[in-house]
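An overview of the molecular structure
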Amino acid sequence: YLIYVDGSMVNKYKNLFLSLVRLIRPHQYVKNLFIFAPLFFSGALLDLNIAIQGGYVFILFSLLASSVYIFNDIMDVDQDRAHPSKKNRPIASGQVSVLLSVCVMLVFLLLAFLLAFFISANLLYIATLYILINILYSFKLKHYPIIDVSIIALGFVLRVFAGSTLLESSPSIWIVLMTYLLALFLAFAKRRDDVLLSNNGLHVRKSIDGYNLDFVNAAMIIVASVTIVSYILYTISDSVQIRLDSDYLYLTVFFVITGILRYLQITFVENNSGSPTKVVLRDRFLKINTIAWILSFAFIIYG
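Described below are features of the structure shown in this document. Predicted model only: the values in this text are computed from it and were never measured. (Residues numbered from 1 in each chain as written. Predicted model: local features only at pLDDT ≥ 70, side-chain atom pairs only at ≥ 80, totals over all residues. Heavy atoms only, no water.)

1. Some points on the nonpolar core
In terms of nonpolar packing, the biggest core is built from 44 residues, with Phe-41, Phe-185, Phe-188, Tyr-231, Tyr-234 and Phe-297 touching the most fellow members. Elements that contribute at least two residues to this core include exactly helix H2 (37–42), helix H7 (147–164), helix H8 (173–199), helix H9 (213–236), helix H10 (238–244), helix H11 (253–268) and helix H13 (284–302). Looking at which element gives the most residues to this core, the answer is H8, with 11 residues. Not counting the four nearest positions on each side in its chain, Phe-188 is found in contact with Val-149, Tyr-211, Phe-215, Val-216, Ala-219, Met-220 and Val-223. Counting residues in hydrophobic clusters, the runner-up holds 40 residues, among them Leu-39, Phe-61, Leu-109 and Leu-123. (Core = buried A, V, L, I, M, F, W, Y, C linked by side-chain atoms within 4.5 Å. Buried < 20%, exposed > 50% of the residue type's maximum accessible area, 1.4 Å probe, protein only. Helix = DSSP H or I, 4+ residues; strand = E, 2+ residues; numbered from the N terminus. Contact = heavy atoms within 4.5 Å.)

2. Observations concerning the pattern of salt bridges
When charged atoms on two side chains of opposite charge get close, those side chains can pair. As enumerated under the stated definition, the model contains 8 salt bridges in all. For Asp-76, the salt bridge identified is with Lys-142, shortest N-O distance 2.3 Å. Of the two residues, Asp-76 is situated in the loop between helix H3 (48–75) and helix H4 (77–81) and Lys-142 in the loop between helix H6 (121–139) and H7; the sequence distance between them amounts to 66 residues. The exposure class assigned to Asp-76 is buried, which follows from its relative accessible area of 15%. For Lys-142, a relative accessible area of 7% puts it in the buried group. Of the charged contacts, one joins Asp-283 and Arg-262 as a salt bridge, the two residues approaching to 2.5 Å between their closest N and O atoms. (Salt bridge = Lys/Arg side-chain N within 4 Å of Asp/Glu carboxyl O.)

3. Observations concerning H6
Along its 19 residues, H6 runs 27 Å from first to last C-alpha, staying within 8% of the 27 Å computed at 1.5 Å per residue. Restricting attention to buried positions, one finds in H6 the residues Leu-123, Ile-126, Ala-127, Tyr-130, Ile-131, Ile-133, Asn-134, Tyr-137 and Ser-138. For H6, the angular spread of the buried residues around the axis is 165 degrees, confining them to a single face. Every exposed residue of H6 that faces more than 90 degrees away from the buried side is listed here: Tyr-125 and Leu-136. Against the buried residues of H6 lie H3, helix H5 (98–119), H7 and H8. (Expected span 1.5 Å × (residues − 1). Arc of directions from axis to C-beta.)

4. Notes on the packing of H5 against H6
The interhelical angle for the contact between H5 and H6, taken along N-to-C directions, is 150 degrees, at an axis separation of 7 Å. Taken together, H5 and H6 sit at an angle that is classed as roughly antiparallel. On H6, the residues that touch Leu-109, Phe-113, Ala-116, Phe-117 and Ile-119 of H5 are Leu-123, Leu-124, Ala-127, Thr-128 and Ile-131. When the residues that make up the contact of H5 with H6 are grouped by side-chain class, the tally is 9 nonpolar, 1 polar and no charged. (Axes fitted to C-alpha atoms, helices over the stretch in contact; angles between N-to-C directions. Parallel < 35°, antiparallel > 145°, perpendicular 65-115°, else oblique. Nonpolar A, V, L, I, M, F, W, Y, C, P; charged D, E, K, R; others polar.)

Structure below.
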């Protein structure tokens, strides 16, 4: 009997632990790799001290991101319960209580701001701005079409600025521009999935009334085109070629174009753009293409 009770308790705490892991969504931490973008493109990533500091900033934004996800899940619990997949989220399904979720969120926020305080004042300002913007997003801004996806894209830009604080200089115009465009492209892809659900009778968010399939498709094509053109202009820019001491940056355009085309294929043909992070992590073509792009660029910068 004791063994049975102990075994039941172990399973109970194990399930709770797994639910908490799902609650904080560690798979979404891949988005925080944008922190390393200014370090990578500046050639500073080989500096061990800067690389370690970058790791701390990555942890900081992972804590912030998890806090935001928990806050959103608490705010959207009723809508999530009506969603075909989000209804299985820990809070919506009742696997984790709201009280415990709030406690985890506050602990993560406290750790994040303590870490930011010890790294730099500028990073503390950026972390504060990130949280404030996401609070506004959760309460109001997510209900306004176009503004909602713009706020999502802005979150990626703030990650780039967070990484640049380690260099004590502002990130380049090109990095900020292309980060915003790429994030906007992915956000529209996510909204397209919401539109498809809405067309099937599942109204998953208020802002979806401002979207339809034609608009989202056109927006994705426009943003994808501007992203590609911007990247091409970046690779052939005289100032960039001089700074990186290479005339071969244009060769990396191949990977950018094929990567965007593959994502468009996944979105338009396979209708599978609901979670950009999972798409990138699970699609073999995108993973190989991204790794090839990073290696080619790394060879040009550091080779």
